[in-house]
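Chain by chain, the residues:
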Amino acid sequence: DPIWMNQFTDAEIRAAVEEAATRRTYVMAHAHTAQAARRCVENGVRSIEHGTLMDRESADVVAKAGAFVVPTLNVIAAIREDAARLPPGAADKLAQIADRASDAVEICARAGVRLGFGTDLFGDLRTRQAQEFTARGAVQSALEVIRSATSVNAALVGMEGRIGAIRPGALADLIVVEGNPLEDLNILADPQRHLRLVIRGGEVVINRMEGVLR
């Protein structure tokens, strides 16, 4: 399937959106091209995954609809390092999107699109998930990237105020890192070196505070 090929008709997209709504949930769509992203959002899709070839027109459509885009930059770099693992035809697709993905993030940000945080990494590449912070930091401020991974993602999945925030009534999901990620996103990109504490639902699950917490 060429990257420019539309996979579903408008009617099929609307049917998926309507069916999801009956189950009180939403549709996310794997979409690379500007046309694909625009068509999906115009038919009710809530989240565009990747959006690597989006232009300003499609970004404006997404922003006006209040939908989301979840860029996945680091997976491109990871796969490029080992292109031999790709199935036939995938290398050509990768070449078409690789050098435009970061531009698409900037275009979406300027249009006011709500940008979530994801990686699309699979298999043994999952160990590189935190490196998405560095990849996104090349085109956005550290604060914008951190918000994508916290409050914006919370809004995307319908859990705004419960996760991705430190406030009364929210789940106590917290981390402590050594250093200031607002000054250096590499702190979040390398948890083995910098992560000191993980609290999930109010319970400490990782403690590397060296006796500070007991």
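It should be emphasised that the depicted structure is a prediction, and the values quoted were computed from it without experimental measurement. (Residues numbered from 1 in each chain as written. Predicted model: local features only at pLDDT ≥ 70, side-chain atom pairs only at ≥ 80, totals over all residues. Heavy atoms only, no water.)

Turning our attention to the sheet that holds strand β6 (residues 195–200). With respect to topology, three strands assemble into an open sheet ordered β5-β6-β7, the strand pairing being antiparallel. The open sheet has two edge strands, β5 (174–177) and β7 (203–207), and neither has a second partner. Averaged over all adjacent pairs, the angle separating strand axes in this sheet is 15°, with direction ignored. The pairing of β5 with β6 spans four bridges and is classified as antiparallel. Within the sheet, the bridge partner assigned to Leu-174 lies in β6 and is Ile-199. (Pairing = 2+ DSSP bridges. Helix = DSSP H or I, 4+ residues; strand = E, 2+ residues; numbered from the N terminus. Axes fitted to C-alpha atoms, helices over the stretch in contact; angles between N-to-C directions.)

We now examine unusual backbone geometry. A positive phi angle, near 60°, is found at Arg-24, a position not held by glycine. Mapped onto the secondary structure, Arg-24 falls in the loop between α1 (10–22) and β1 (28–33). Residue classification places Arg-24 among the exposed positions, given a relative accessible area of 83%. One non-glycine residue, His-50, lies in positive phi territory at about 90°. Take His-50: it is sitting in strand β2 (residues 47–53). (Buried < 20%, exposed > 50% of the residue type's maximum accessible area, 1.4 Å probe, protein only.)

For the coordinates displayed, the defined rule picks out one aromatic pair. Here the basic side chain of Arg-46 rests over the ring of Tyr-26, its NZ or CZ set 5.3 Å away from the ring centre. (Phe/Tyr/Trp six-rings, centres within 6.5 Å; stacked < 30°, edge-to-face > 60°. Lys NZ or Arg CZ within 6 Å of the ring centre and 35° of its normal.)

In this section: the environment of Arg-80. Along the chain, the position of Arg-80 falls in helix α4 (residues 74–80). Residue Arg-80 is classed as partly exposed on the basis of its relative accessible area, which comes to 46%. Counting along the chain gives 70 residues from Arg-80 to Thr-150, while the straight-line C-alpha distance between them is 28 Å. Other than its neighbours up to four places away in sequence, Arg-80 contacts Leu-94, Ala-98 and Asp-99. (Contact = heavy atoms within 4.5 Å.)

To continue, consider the packing of helix α3 (residues 56–65) against helix α6 (residues 101–111). α6 packs onto α3 with a crossing angle of 45° between their chain directions and a minimal axis gap of 9 Å. Taken as axis vectors, α3 and α6 run oblique relative to one another. The crossing of α3 and α6 is right-handed. Residue-level inspection shows Arg-56, Ala-59, Asp-60 and Ala-63 of α3 in contact with α6, the latter providing Ile-107, Cys-108, Arg-110 and Ala-111. For the contact of α3 with α6, the per-class residue count stands at five nonpolar, no polar and three charged. (Parallel < 35°, antiparallel > 145°, perpendicular 65-115°, else oblique. Left-handed = near helix turned anticlockwise from the far one by under 90°. Nonpolar A, V, L, I, M, F, W, Y, C, P; charged D, E, K, R; others polar.)

Here we come to the pattern of salt bridges. Close approach of charged atoms allows side chains of opposite charge to pair. Counted under the stated rule, the structure contains four salt bridges. A salt bridge links Asp-60 to Arg-56; its shortest N-O distance comes to 2.8 Å. Of this pair, Asp-60 and Arg-56 both sit in helix α3, separated by four residues, roughly a single helical turn. A relative accessible area of 35% means that Asp-60 is categorised as partly exposed. By relative accessible area, which is 41% here, Arg-56 ends up partly exposed. (Salt bridge = Lys/Arg side-chain N within 4 Å of Asp/Glu carboxyl O.)

Before going further, it helps to examine α1. Compared with an ideal rise of 1.5 Å per residue, which puts 13 residues at 18 Å, α1 spans 19 Å between its outermost C-alpha atoms and is within 8% of the ideal. Within the sequence span of α1, burial applies to Ile-13, Val-17 and Ala-20. Considered in projection along α1, the buried side chains sweep an arc of 65° and stay on one side of the axis. Residues of α1 that are exposed and point over 90 degrees away from its buried face: Glu-18 and Thr-22. (Expected span 1.5 Å × (residues − 1). Arc of directions from axis to C-beta.)

What follows concerns the pairing of β1. Pairing of β1 with β2 involves five bridges; the strand directions are parallel. Across the sheet, residue Thr-33 finds its bridge partner in β2, namely Leu-53. Note on the crossover from β1 through helix α2 (residues 34–42) to β2: the handedness is right-handed. (Right-handed = clockwise from strand over helix to strand, strands pointing away.)

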